[in-house]
Amino acid sequence: AVVEAVVPAPAEVSPTAALVAEAALAMAEQRYLEPADDNARDRYRQVLSIEPDNPAALRGLRLISDSFIRDAEAALRAGEPTASTQALQIATETDTSNPAIALVRSLLVTEGDRQLADARSAATAGDVTRTEALLAVAEQFAHIDAGELEQVRDTLAARLRKDELLGRIAVVDEHMVNGRLLAPEADNALTLLTELTDTYGENADLDAAKERLGGRLLSHAAIASGAGEYEVALEYLDAVDGLSIAGPDVAMARSSLQTAMAETTSVAAGTQEAGEPASDAIANSEMEPATPVALAATAGGSEIVAADDAAAMAEDPVAAEELTTMAEEPVAESPAAAVVPQRVRARTLSELGIERFVAPFFPRSARRRG
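Conventions we followed
- Residues numbered from 1 in each chain as written.
- Predicted model: local features only at pLDDT ≥ 70, side-chain atom pairs only at ≥ 80, totals over all residues.
- Heavy atoms only, no water.
- Helix = DSSP H or I, 4+ residues; strand = E, 2+ residues; numbered from the N terminus.
- Buried < 20%, exposed > 50% of the residue type's maximum accessible area, 1.4 Å probe, protein only.
- Contact = heavy atoms within 4.5 Å.
- Areas by Shrake-Rupley, 256 points an atom, 1.4 Å probe, with all protein chains shown as cover.
- Core = buried A, V, L, I, M, F, W, Y, C linked by side-chain atoms within 4.5 Å.
- pLDDT = per-residue confidence, 0-100.
- Axes fitted to C-alpha atoms, helices over the stretch in contact; angles between N-to-C directions.
- Parallel < 35°, antiparallel > 145°, perpendicular 65-115°, else oblique.
- Left-handed = near helix turned anticlockwise from the far one by under 90°.
- Expected span 1.5 Å × (residues − 1).
- Polar contact = N/O pair within 3.5 Å; in protein donor to acceptor, adjacent residues only side chain to side chain.

A count of helices and strands for the protein chain gives 16 helices and two strands. Relative to its full complement of 370 residues, the protein chain shows a buried share of 30%. Considering only contacts in the protein chain between residues 6 or more positions apart, those separated by 24 or more positions represent 56%. When the accessible area of the protein chain is evaluated, it comes to approximately 22300 Å², of which 55% is carbon and sulfur surface.

It is worth spelling out the nonpolar core at this point. When a protein is soluble and globular, its nonpolar side chains tend to lie buried together. Judged by nonpolar contacts, the single largest core of 34 residues is most densely connected at A40, Y44, I64, L88, I144, L149 and V152. Secondary-structure elements contributing two or more residues to this core are α1 (15-28), α2 (40-50), α3 (55-77), α4 (81-94), α5 (100-124), α6 (128-138) and α7 (146-177). When near neighbours in sequence (up to four residues on either side) are disregarded, V152 contacts L116, A119, R120, A123, T131 and L135. With 30 residues, the next largest nonpolar core counts V172, Y236, L243 and A260 among its residues.

In this model, the protein chain carries an average pLDDT of 78, and 69% of its residues clear a pLDDT of 70 or more. In the model, residues 281-341 has pLDDT below 50 throughout and makes 54 contacts with residues more than four positions away in sequence or in other chains.

On to the packing of α5 against α7. At their nearest, the axes of α5 and α7 sit 8 Å apart, and the two run at 15 degrees to each other. Relative to α7, the element α5 is oriented roughly parallel. Regarding α5 and α7, the two cross each other, and that crossing is left-handed. Residue-level contacts link L116, A119, R120, A123 and T124 of α5 to E148, L149, V152, T155, L156 and R159 of α7.

Turning our eyes to something else, we now look at α3. An ideal rise of 1.5 Å per residue puts 33 Å on 23 residues; α3 measures up with 33 Å between its terminal C-alpha atoms. Those residues of α3 not exposed but buried are A57, G60, L61, I64, S65, S67, F68, I69, A72, A75 and L76. Looking at the packing, one finds that the buried side of α3 touches α1, α2, α4 and α5. Where α3 starts, the residue carrying a side-chain oxygen 3.0 Å from the main-chain nitrogen of A56 turns out to be N54.

Bringing the environment of D118 into the picture now. Relative to the elements of secondary structure, D118 occurs in helix α5. Looking at D118, the relative accessible area reads 23%, which means it is partly exposed. Spatially, the C-alpha atom of D118 lies 7.9 Å from that of T131, the residues being 13 residues apart in sequence. Ignoring any residue separated from it by four or fewer positions in sequence, one finds D118 in contact with R130 and L134.

What follows is the structure, encoded as structure tokens:
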């Protein structure tokens, strides 16, 4: 008898199983996304389109997502936020439910904010190189707005502008220390401050420099006034007015100067009435505008002996004899003798027609200091 062998028919393979097998092979070869027509992610997605709850496909997509999350973390640690963001995006597209996505995204936001904060601190400190380097990294983080980057750049520009201004103000201060307040004409403290004001406008640092210069100008005006150099004193006061910081001190100084000038003019006028040339009277009054004198009664009642001379007479008989001889000698009537300066006769305020008078405290105090 002939026995026939029975060959079993091949088992039928389901389409999903075939796709899962192809996807597993692609995973083993790390063909996660490429090539476009034969990669693991596309095969798993095809399985889910047929069987949405297929556990093998869901597990395969999670593995692919985890792989790109690891890439995102590595790129972030390496200081490559762009590559990290791209890897995180692929992980999200592959498996939106992967809980590790939120963690890596939080790390990206934290690191980006830190880079921006460091850049802002560097800009505030005026560190150009560090600021630009940090901004170059910060702008790679997707969550950082371009406006925030511009704000940091504006902060840096403002700091550099301030540093430049402070450097130029330092030159002004150096001129003040060296006495170059109003001269030379093209390079003095007042000229430089005026130029800086035109360039920078209203500025607290400039205002402080103006106050310092104004104080020095007032001091120089006081010294000039005490020395009888009224025109020079007026020049200093006019310069203070040009700084636009006029206040009570400036007004008081100008009032005191005007009083001193009026007093000198009155002395000159009174001397003219007594027969002395006005030029001699002004010269005599300006030589010692604030020196106290002691009146010595003589036969004519018109001689003045300085306090220092009186002291010398008391201590030195020879000096007393010389001074007495000088007082008794008649005044020469020759033209040559007429130009010799004579001492000014003291006059009371009432004789000068002055009813109300305030002593020029400002120039006299400067005279004592100088």
